Amino acid sequence: MTFSAPFDNSFAALPAGFYTRITPTPVADPKLLAFNDSLAKTLGLADAGADDLAFTFGGNELPQGADPLAQLYAGHQFGNYNPQLGDGRAILLGEVVDSDGNRRDIQLKGSGPTPYSRGGDGRAWLGPVLREYVVSEAMHALGIPTTRALAAVATGEDIYRETALPGAVLTRVASSHLRVGTFQVFAHRGEVENLRTLTDYAIKRHYPQADGPMGLLRAVCAAQADLIAAWMSVGFIHGVMNTDNCSISGETIDYGPCAFMDAFHANRVFSSIDRQGRYAFSNQPQIAVWNMAQLATALIQQMDVADDAIAEATEIVHAMPGLIEAAWLKRFAAKIGIAKAEPDDAALIEDLLALMQRDGADFTNAFHALSGDAAQDQFADRDAFAVWQSKWLARIASEPDPKAVMQAANPAIIPRNHRIEHMIQAAVAGDMAPFDRLLKALATPFETTDADLHTPPTEQEIVPATFCGT
Ligand code: AMP
Ligand code: MG
């Protein structure tokens, strides 16, 4: 039986220079590891058995109506411009319009080489596939814009990194896969017609109310500002905020060496390839602004000098730190029970973060404990916490329902790195139970079930670095 989905492909109708048509490379023995039934329903996908799903989402059988292609893009990687990246191991099957009326890309990742593979094998191994599955679904459950995971399929083939590892394919669903780098490639090549076509396409797809390229820039800056503040409010470090991993829709995209922090430290870095700490936790706002400056530079290539585009683009990018700060304040104020933040609240929040950093307090548990009656247990220096606490209690005395505000802003469960590593090791050994359990608990992150999943890693369990998703 051929799997069917109500495809309605708009990207494939764009000019040929935007992509290369290519089909996934079949795999030896596709086995379904995970499938997101509830997401499949909202996408209007037909019911199918595990074997059909494995064949479809392993890349062995094209679903009816698919128009598979690899997208072209470029990007700044760690600050250096790479004129051609593109989907080197991902293939867009097509788009569907979901039950909320939103257009969604359905893309295979790890589905074999493409003309953009640049010497890579076009494959992914099981570890990063399951990591992205769990972390992206956790992000969604936390209410933070993100790509989703639809399926994970084991390929039955080994792939070679430093050693032989089991291969897998992830199917991800996104509002689109347009990136800052998608604009950069045409801007840098001086392909102004393509740049205009892409700009119109992005506006129509994501920000229909936006007025021209500068309207688009404004909208993306606003979406990215909210996203960065949301990440920070849950202690998330993306790890590789290159411009090719920065989405136009404002969704979290390209989960590689990402992580949620356990003990709070503002300069925390996880990615093993980020030796300079460019993408450290508290650098993320600055980097988002830098990325938006690259988008601005690309977008203005299509504007008349007479339009004063440079002045307007500069104004928009310069406004972004303020947008992030406002979004940050709103999110962190809620974490301490303040529904409507005042400018002075920033100092109160910063004081708490400083205490947490000094004491090595667990970011998630310390905030979560504020709405209980044993918050002091999260701090080594209880006296210092008590001093902060009395200031804080005075501030929230006038709040109508601080406890409810905190409970809605402070998750009990995040995908902790050591749990993810444990889940990956079990899956490699053929045991998917830890994956299933983690996924289920993370679907309701504000509920205090599964007490052991709340626990920070022991000294031995700490995972010091995460490695690139290749
Ligand atoms: P990433 O760091 O995963 O965002 O990837 C950066 C670029 O490298 C993108 O163009 C990817 O498609 C490409 N890439 C990453 N891993 C592979 C691989 N195993 N084979 C081919 N291309 C890859
Ligand atoms: Mg990428």
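Refer to the structure presented above.
Residues numbered from 1 in each chain as written. Chains lettered and ligands numbered in written order. Predicted model: local features only at pLDDT ≥ 70, side-chain atom pairs only at ≥ 80, totals over all residues. Heavy atoms only, no water.

A. Representation of the environment of Leu-439 within the structure. With respect to the helices, strands and loops of the structure, Leu-439 is situated in helix α14 (residues 433-442). Placed 302 residues apart in sequence, Leu-439 and Glu-137 show a C-alpha to C-alpha distance of 7.6 Å. The residues contacting Leu-439, other than those within four sequence positions of it, are Tyr-133, Val-134 and Glu-137. (Helix = DSSP H or I, 4+ residues; strand = E, 2+ residues; numbered from the N terminus. Contact = heavy atoms within 4.5 Å.)

B. Region of interest: the site of ligand 1. Taken together, 17 residues lie near ligand 1, and Gly-86, Gly-88, Arg-118, Asp-121 and Gly-122 sit nearest. Gly-88 is positioned such that a nitrogen or oxygen atom in its backbone is 2.7 Å from an oxygen atom of ligand 1. Between an oxygen atom of ligand 1 and a side-chain N or O atom of Asp-254, the distance comes to 3.4 Å. Partitioning the shell around ligand 1 into residue classes produces two nonpolar, eight polar and seven charged. Taken domain by domain, the makeup of the shell around ligand 1 includes at least three residues from each of domain 1 (11-174) and domain 2 (178-470). (Near = heavy atom within 4 Å. Polar contact = N/O pair within 3.5 Å; in protein donor to acceptor, adjacent residues only side chain to side chain. Nonpolar A, V, L, I, M, F, W, Y, C, P; charged D, E, K, R; others polar. Domains from an automatic or database assignment.)

C. Structural detail: the packing of aromatic side chains. Scanning the model with the defined rule gives 19 aromatic pairs in all. Ring plane angle 20° and centroid distance 5.3 Å describe the contact between Trp-388 and Trp-392, whose orientation is recorded as stacked. Here Trp-388 pairs with Trp-392, and both are found in helix α11 (residues 382-396), just four residues apart, close to one helical turn. We note that Trp-388, like Trp-392, is buried. What links up through ring pairs into an aromatic cluster is the set Phe-264, Phe-281, Trp-328, Phe-332, Phe-363 and Phe-367. Above the ring of Tyr-73, the side-chain terminus of Arg-179 is found at 4.2 Å from the ring centroid. Its end group placed over the ring of Trp-290, Arg-278 keeps NZ or CZ at 4.8 Å from the ring centre. (Phe/Tyr/Trp six-rings, centres within 6.5 Å; stacked < 30°, edge-to-face > 60°. Buried < 20%, exposed > 50% of the residue type's maximum accessible area, 1.4 Å probe, protein only. Lys NZ or Arg CZ within 6 Å of the ring centre and 35° of its normal.)

D. View of unusual backbone geometry. The residue Phe-78 is not glycine, and still its phi comes out positive at about 50°. Inspection of the secondary structure puts Phe-78 in the loop between β4 (75-77) and β5 (80-82). The exposure class assigned to Phe-78 is partly exposed, which follows from its relative accessible area of 27%. Positive phi values are uncommon outside glycine, yet Asp-450 reaches one of about 50°. On the secondary structure map, Asp-450 appears in the segment after α14. The class of Asp-450 is partly exposed, set by a relative accessible area of 27%.

E. Region of interest: the environment of Ala-164. Structurally, the position occupied by Ala-164 is in strand β10 (residues 164-174). Given the relative accessible area of 37%, Ala-164 is considered partly exposed. Filtering out sequence-adjacent residues up to four positions away, Ala-164 remains in contact with Asp-158 and Ile-159.

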